[in-house]
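Here is what each chain is made of, one letter per residue.
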Amino acid sequence: MSLTAPTGSQPLPRSRGDGSDASAGAPPTGAVRRVLETSPFPILLVSLVGIVLLSVFGPSLVVGDTWLTLMAGREVVEHGLPSTETITTLGQGATWTDQQWLAQVLFYGAHGLAGMRAVVLLDVLLVLLALAFAAATARTSGASSRSTFVVGLLAVVAGPWGWTIRAQSAALPLFAGALWLLVDASRKGVRRRTLLVLPVLVLWANLHGSVVLGAGLTVLLGLVELVRSRRFSWIPVALVVLAPLCVLASPYGTKLVAYYNLMLVDAPFAPILREWQWSSPSGTTALFWLLALVAVGLLALHRCRSRLATYELLVLAVTFVGAVQAVRGVIWFALACAAILPVALDGVLTRADVDAPRLNRAISLASLAGLAIAILAFLAHPASWYVSDWHEQRIAAVREATRDPSTRIWATDGTADWLLWRIPELRGRVAYDVRFELYDQATLDRIVDYQARRRDWKSVVKGYRVVVVNDAAHLRAFLSEPGGRAVYRDDELAIVVRP
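Quantities reported herein were computed from a predicted structural model and do not represent experimental measurements. (Residues numbered from 1 in each chain as written. Predicted model: local features only at pLDDT ≥ 70, side-chain atom pairs only at ≥ 80, totals over all residues. Heavy atoms only, no water.)

Colleague: Can you help me understand the overall build of the chain in this one?
Modeller: The helix and strand inventory of the chain stands at 20 helices and four strands. In terms of overall dimensions, the chain is globule-like: its C-alpha atoms have a radius of gyration of 25 Å, near the 23 Å expected for 499 residues. On the principal axes, the C-alpha backbone points of the chain span a range of 85 × 50 × 40 Å. Each of the 499 residues in the chain was classed as buried or not, and the buried ones make up 54%. Counted over contacts in the chain with a minimum sequence separation of 6, partners at least 24 positions apart contribute 73%. Summing over all exposed atoms, the chain offers an accessible surface of approximately 21300 Å²; the carbon and sulfur share of this is 63%. For the chain, the distance from the average site of its 45 positive side-chain charges to the average site of its 35 negative ones is 7 Å. (Helix = DSSP H or I, 4+ residues; strand = E, 2+ residues; numbered from the N terminus. Rg over C-alpha atoms; globule rule 2.2 N^0.38 Å. Buried < 20%, exposed > 50% of the residue type's maximum accessible area, 1.4 Å probe, protein only. Contact = heavy atoms within 4.5 Å. Areas by Shrake-Rupley, 256 points an atom, 1.4 Å probe, with all protein chains shown as cover. Lys, Arg positive; Asp, Glu negative; His and termini not counted. Charge placed at Lys NZ, Arg CZ, Asp CG, Glu CD.)

Now the structure itself:
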């Protein structure tokens, strides 16, 4: 079957390393065996990422958003879908559209089964599934096993913060799976199975706000196909019309319009959150820019660019713009590169994959065995290992300092949800948490004034007897108050009880 050309008139060349070539002329084998014998390096990549995440970075995957995900999941299970904020004092009465409720319930359910070991393992498995889907997209598009590994490795390291535990993790395999369907349709023509992307979007709409990107890429494919074919076809039209509606397939329905307008168009919190800001060159974004330079370098070569369909080029452009506009968009560009760029790289690395089924099968099985061993070793850790970056002494100090139910606490955005998760009695007594979309501009300005020690910043924490401090200047200021004392201190933060 010939593949659709970028111009719609010439077939796209297949990579000489296509997985189908490796098994040409061989007796029929099962699908699993064929994958093992033709895609050893993508399997090696997925296994290596899993081994490293589970063995080395397990505790580092637990971040502030992890606790928000668990805390909100408990909130949904115990109190139902929220509509009004009642958890923090500064947000009391605000509209809370908890768009990612299903992802939160998913992780909360995992915690109920086996604690934090299940939460971390679920996150890693979701990451690996996304990488596997991206690799499958590259291989079924004709990329060699070798090129899929090289680009995939660059994609993995381009945005490592994207693998941490948060509601977004549940959306990663949906993005990669949807892209697989869309890229396949761009090369072989839209078919009925392309419509499978619509139920994917419906599920995605209840997991994470990145569904807007998925819907946009689906609409883009429909428009490209209509322009390319220059005739009416009901499947592309269905994609264009139904994909945006899928975004609203949530218990919140049309209320999501205001939510997405706040989050994507007029976000007042963007200036104070690094991941919502431009991906300016820095140590944090260096590997993203390296991946971007590799992509630009490949696409500058006609023999590489001509191997991609028009739609694939547009996907790379859209996700790159999103990644530049905000650090949080880097992960989607990385996955798009892992799925699309390997075919282009084969325009430079023209050697075919080694036709050695036994060797390839041995590499694949050894990789999977290593991953299985890493999972078993991961599960054998004591419960304290998974949260070793979150000191239990801090919880004990806060619990003691807030024993009086009238005591309110001003925590940092990085610790507030952790405290709410570990000490449920703090519900309604914590100043604010990482859900900055809940707070109006005046409240956000007060939080920024406090952090920057501007104007009358101490008045912001009036009425909060316990303060979590992660800045030496703040600590000195509070300890200088008559009766102010630190009930806990370590290298990262202090807990101060004020008079």
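Colleague: Explanation requested: helix α17 (residues 392-401) in the structure shown.
Modeller: Every α-helix winds through 3.6 residues per turn, so residues three or four apart in the chain are directed the same way. Taken residue by residue, α17 has Arg394, Ile395, Ala397, Val398 and Ala401 as its buried positions. Within α17, the buried residues cover an arc of 165° as seen down the axis, which keeps them to one side. On its buried side, α17 packs onto β1 (409-410), α18 (416-422), β2 (466-469), β3 (485-489) and β4 (494-497). (Arc of directions from axis to C-beta.)

Colleague: It is not clear to me how the nonpolar core should be interpreted in this structure. Could you clarify?
Modeller: Considering soluble globular proteins, one finds that nonpolar side chains tend to be buried as a cluster. Ranked by internal contacts, the top residues of the largest apolar core, which has 160 residues, are Leu341, Trp410, Leu419 and Phe436. The dominant element in this core, judged by the number of residues it contributes, is helix α5 (residues 101-140), at 18 residues. Setting aside its immediate chain neighbours within four residues, Phe436 contacts Phe269, Ile272, Leu273, Asp413, Leu444 and Ile447. (Core = buried A, V, L, I, M, F, W, Y, C linked by side-chain atoms within 4.5 Å.)

Colleague: Just to check I follow, could you spell out the pattern of salt bridges for this structure?
Modeller: Note on pairing: side chains with opposite charge can pair once their charged atoms come close. Applying the stated criterion across every chain yields a total of 24 salt bridges. For Asp353, the salt bridge is made with Arg139, and the minimal N-O distance between the two is 3.7 Å. Taken as a pair, Asp353 in the loop between α15 (330-345) and α16 (357-379) and Arg139 in helix α5 lie far apart in primary sequence, 214 residues in all. When its relative accessible area of 8% is taken as the criterion, Arg139 is described as buried. In this structure, the salt-bridge partner of Lys458 is Glu481, at a minimum N-O distance of 3.1 Å. Of the two residues, Lys458 is situated in the loop between α19 (441-452) and β2 and Glu481 in the loop between α20 (472-479) and β3; the sequence distance between them amounts to 23 residues. Note on Lys458: relative accessible area 26%, which makes it partly exposed. (Salt bridge = Lys/Arg side-chain N within 4 Å of Asp/Glu carboxyl O.)

Colleague: Would you take a moment to explain the pairing of β3 for this structure?
Modeller: Looking down a regular strand, the side chains alternate between one sheet face and the other. As judged from the four bridges shared by β3 and β4, these two strands associate in the antiparallel manner. Note on β4: the bridge partner recorded for Tyr488 is Ile495. Joining the antiparallel neighbours β3 and β4 is a turn of four residues. (Pairing = 2+ DSSP bridges.)

Colleague: Looking at this structure, I do not really get the environment of Leu201. What am I missing?
Modeller: Structurally, Leu201 is set in helix α8 (residues 197-204). In sequence terms Leu201 and Gly463 are 262 residues apart; their C-alpha atoms lie 45 Å from each other. Setting aside residues no more than four positions away along its own chain, Leu201 makes contact with Val211, Gly214, Ala215, Thr218, Ala243 and Cys246.

Colleague: Whenever I open this one, the side chain of Arg74 confuses me. Can you help?
Modeller: Here Arg74 lies in helix α4 (residues 64-79). Contacts of Arg74, omitting those with residues within four sequence positions, involve Tyr108, Leu420, Trp421 and Pro424.

Colleague: Please explain the pairing of β2 as it appears in this structure.
Modeller: Residues Val466 and Val468 line one face of β2 and the alternating positions Val467 and Val469 line the opposite face, and both faces are buried. Bridge count between β1 and β2: two bridges; the pairing is parallel. Bridging from a neighbouring strand, Ile409 pairs with Val466 of β2. Across four bridges, β2 lies against β4 in antiparallel orientation. Paired with Val469 across the two strands is Ala494, which belongs to β4.

Colleague: How should I be thinking about empty space enclosed by the protein in this particular structure?
Modeller: Taking a probe equal in size to a water molecule and rolling it over the atoms shows the remaining empty space. Using the criterion set out here, one finds two cavities of 30 Å³ or more in the structure. Put simply, the second largest cavity is a space of about 40 Å³. Together, Leu45, Leu131, Ala134, Ala135, Thr148, Gly152 and Ala338 line the second largest cavity. Going through the elements one at a time, α5 and α6 (145-158) are the ones with two or more residues in the lining of the second largest cavity. Broken down by element, the lining of the second largest cavity gets its largest block of residues, three residues, from α5. Per-class residue counts for the lining of the second largest cavity are five nonpolar, two polar and no charged. (1 Å grid on protein atoms, 1.4 Å probe; cavity = no way out; pocket = protein on both sides within 12 Å on 5 of 7 lines; lining within 4 Å. Points joined across faces, edges and corners; volume = space filled by probe spheres on them. Nonpolar A, V, L, I, M, F, W, Y, C, P; charged D, E, K, R; others polar.)

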